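# Notes for the structure review
Below are the chains, spelled out letter by letter.
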Amino acid sequence: MSNTPLSIAIVGATGAVGRAMMSILEQSDLNVENLYLLASERSRGELLDFRRKSHQVQVADEFDFSKAQIALFSAGGDTSKRLAPKAAVAKCLVIDNSSAFRYEEDVPLVVPEVNPEKIADYHKRYIIANPNCSTIQMVVALKPLHDAATITRINVATYQAVSGAGHKGVSELIKQTGELLNGRQVEPEAFTAQIAFNVIPQIDVFQDNGYTKEEMKMVWETQKILGDDSIKVNPTAVRVPVVYGHSEALHLETKDKLTAEQAREILSNAKGVRVIDDTEKGVYPTPLSQGTGSDAVFVGRIREDISLQNGLNLWVVADNVRKGAALNAVQIASHYVRTVLG
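The sections below set out a description of the structure shown in this document. For every chain, the first residue of its written sequence is number 1, and the numbers climb from 1 along that sequence. Totals for whole chains, interfaces and linings use all residues, but because this is a predicted model, local features are given only for residues with pLDDT of at least 70 and pairs of side-chain atoms are given and counted only at 80 or more. The basis for the side-chain values is all heavy atoms of the structure; hydrogens and waters are excluded.

So, on to the overall build of the chain. Put simply, DSSP marks the helices as runs of H or I at least four residues long and the strands as runs of E at least two long, and each gets a number from the N terminus on. Helices and strands together make up the secondary structure of the chain, namely seven helices and 14 strands. We take the radius of gyration over the C-alpha atoms and set the globule estimate at 2.2 Å times the residue count to the 0.38 power. What you see for the chain is a C-alpha radius of gyration of 20 Å, in line with the 20 Å of a compact globule of 342 residues. For every residue, the accessible area obtained with a 1.4 Å probe (protein chains only) is divided by the maximum for its type, and the residue is called buried under 20%, exposed over 50%, and partly exposed between those limits. The proportion of buried residues among the 342 residues of the chain is 53%. Whether two residues are in contact is decided by their heavy atoms, any of which lying within 4.5 Å being enough. In the chain, of all internal contacts separated by at least 6 residues, the share reaching a separation of at least 24 is 67%. Total accessible area computed for the chain in this model is approximately 15500 Å², and 47% of it derives from carbon and sulfur atoms. The Shrake-Rupley method, run with a 1.4 Å probe, gives the accessible areas here. Residue values count only the displayed protein chains as cover.

What follows is the structure, given as structure tokens:
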């Protein structure tokens, strides 16, 4: 266990990601001396257990952030915009899971397996941004291949679980499935169309260029994280009737040729990646088997693109709540503790 005694706040502690953050912290080697669980007024006084002790939820807007060295935020963009600057002024490092600060030049956008050196820029604003869940798993898989052969273009189709839309998304899938199996009609509320037994080719609102905001996040964030604005990213984001675990079909073009075998070897040795790829036995990652409750990014279906000379295809799966949000934030915090707080 790390010897540095820590005071950590979780903003949005009663949500799915907040609870996952707490669980990962509990399993980590961080010496959490004080844990402050913060949420909205409606959760005031709720008791949550952490390392065999009960902790009472406090109201985030009333909290004095000078009590904490690190604050993990997962309560939505509006809350982050309102409270993160207050925490930063108090010299409490904010690791923010919303999109509120991701595209600001003086805020590092970090995936520890990819660009941990950017954590050192925390001092500019005392805010570090967590990327979008679909971007995180993609760049973890792509960074070692980019280092080896220089990726010039990414064509990605995502198959995103309903938990990416929060509790309301999960509830809607479960409710609609039950209603339809009992012969009753359903009306969409959380999504733009029926999600049970269906797929929806829209996540977030459409932009002027015909892409959704979710899709454009993958463009902007990938370029910022990999530090290369010349990489072309062409995304299509799709919501599917899966509870946990995002999947992605990645089609890459590289400057230098990579064979499937070379890519498989590179990824097998990459930090945070697990290769599951034995098509003869029908073995490959799925959101149910590998994308639920797991820390790694899983890669399979590695093959050369038959339509491109320097093309490569991958299938990538990860737990969108755990690796795609909570774990990434705690990994940033752990790196900050090791390198800054010592």
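Alright, that's what it looks like, and here's the rest.
Turning to the packing of helix α3 (residues 133-149) against helix α6 (residues 260-268), a few remarks are in order. Running from N to C, α3 and α6 point in directions that differ by 120 degrees, and their axes come no closer than 9 Å. Here α3 is positioned oblique relative to α6, judged by the angle of their axes. You can see that α3 and α6 cross each other, and the crossing is right-handed. Contact with α3, carried on its side by Ala-141, Pro-144, Leu-145 and Ala-148, involves Ala-263, Ile-266 and Leu-267 of α6 and no other residues of that element. Under the scheme applied here, ten amino acids are nonpolar (Ala, Val, Leu, Ile, Met, Phe, Trp, Tyr, Cys and Pro), four are charged (Asp, Glu, Lys and Arg), and all others, including Gly, are polar. Counted by class, the contact of α3 with α6 contains seven nonpolar, no polar and no charged residues. Angles here are taken between N-to-C directions and fall from 0 to 180 degrees, while the axes themselves are lines fitted to C-alpha atoms, restricted in helices to the stretch in contact. Working rule for angles: under 35 degrees goes down as roughly parallel, over 145 as roughly antiparallel, 65 to 115 as roughly perpendicular, anything else as oblique. A clockwise turn of the near helix away from the far one marks a right-handed crossing, whereas an anticlockwise turn of less than a right angle marks a left-handed crossing.

With that settled, consider helix α5 (residues 213-226). Between its terminal C-alpha atoms α5 stretches 20 Å, which fits the 20 Å expected from 14 residues at 1.5 Å a residue. Burial runs high along α5: 11 of the 14 residues are buried. Among all positions in α5, only Glu-214, Glu-215, Met-216, Lys-217, Met-218, Val-219, Glu-221, Thr-222, Gln-223, Ile-225 and Leu-226 are buried. Each element contacted by the buried residues of α5 is listed here: α3, β9 (151-160), β10 (232-239) and β11 (246-254). Backbone geometry just downstream of α5 places Gly-227 in the positive-phi region, at approximately 65 degrees. Expected span, for any helix, means 1.5 Å times one less than how many residues it has.

Pairs of strands are assigned from DSSP output, requiring at least two bridges between the strands. Overall, parallel pairing links the six strands, which are arranged β5-β2-β1-β6-β7-β8 in an open sheet. Both outer strands of the open sheet, β5 (58-59) and β8 (127-129), are each paired with one neighbouring strand and no more. Strands β1 (5-11), β6 (70-73), β7 (93-96) and β8 of the sheet are contacted by helix α7 (residues 322-341), whose axis makes an angle of about 165 degrees with β6.

Here the focus is unusual backbone geometry. Of note in the backbone geometry, Arg-52 takes a positive phi value of approximately 70 degrees without being a glycine. With respect to the secondary-structure elements, Arg-52 resides in the loop between β3 (47-50) and β4 (53-56). With relative accessibility at 88%, the residue Arg-52 sits in the exposed group. Of note, the phi angle at Lys-91 is positive, near 65 degrees, even though the residue is not glycine. Here Lys-91 lies in the loop between α2 (77-89) and β7.

For the rest of this paragraph, the subject is the environment of Val-139. By the secondary structure assignment, Val-139 is in helix α3. Distance from Val-139 to Gln-223, taken between C-alpha atoms, is 9.8 Å for residues 84 residues apart in sequence.

Our focus in this paragraph is the pairing of strand β14 (residues 311-318). On a regular strand, each side chain points to the face opposite its neighbour's, so the side chains alternate between the two faces of the sheet. Among the eight residues in β14, seven count as buried, and that is most of the element. As judged from the five bridges shared by strand β13 (residues 297-304) and β14, these two strands associate in the antiparallel manner. The partner of Gly-300 across the bridge, within β14, is Trp-315. Once β13 ends, the chain turns through six residues before running back antiparallel as β14.

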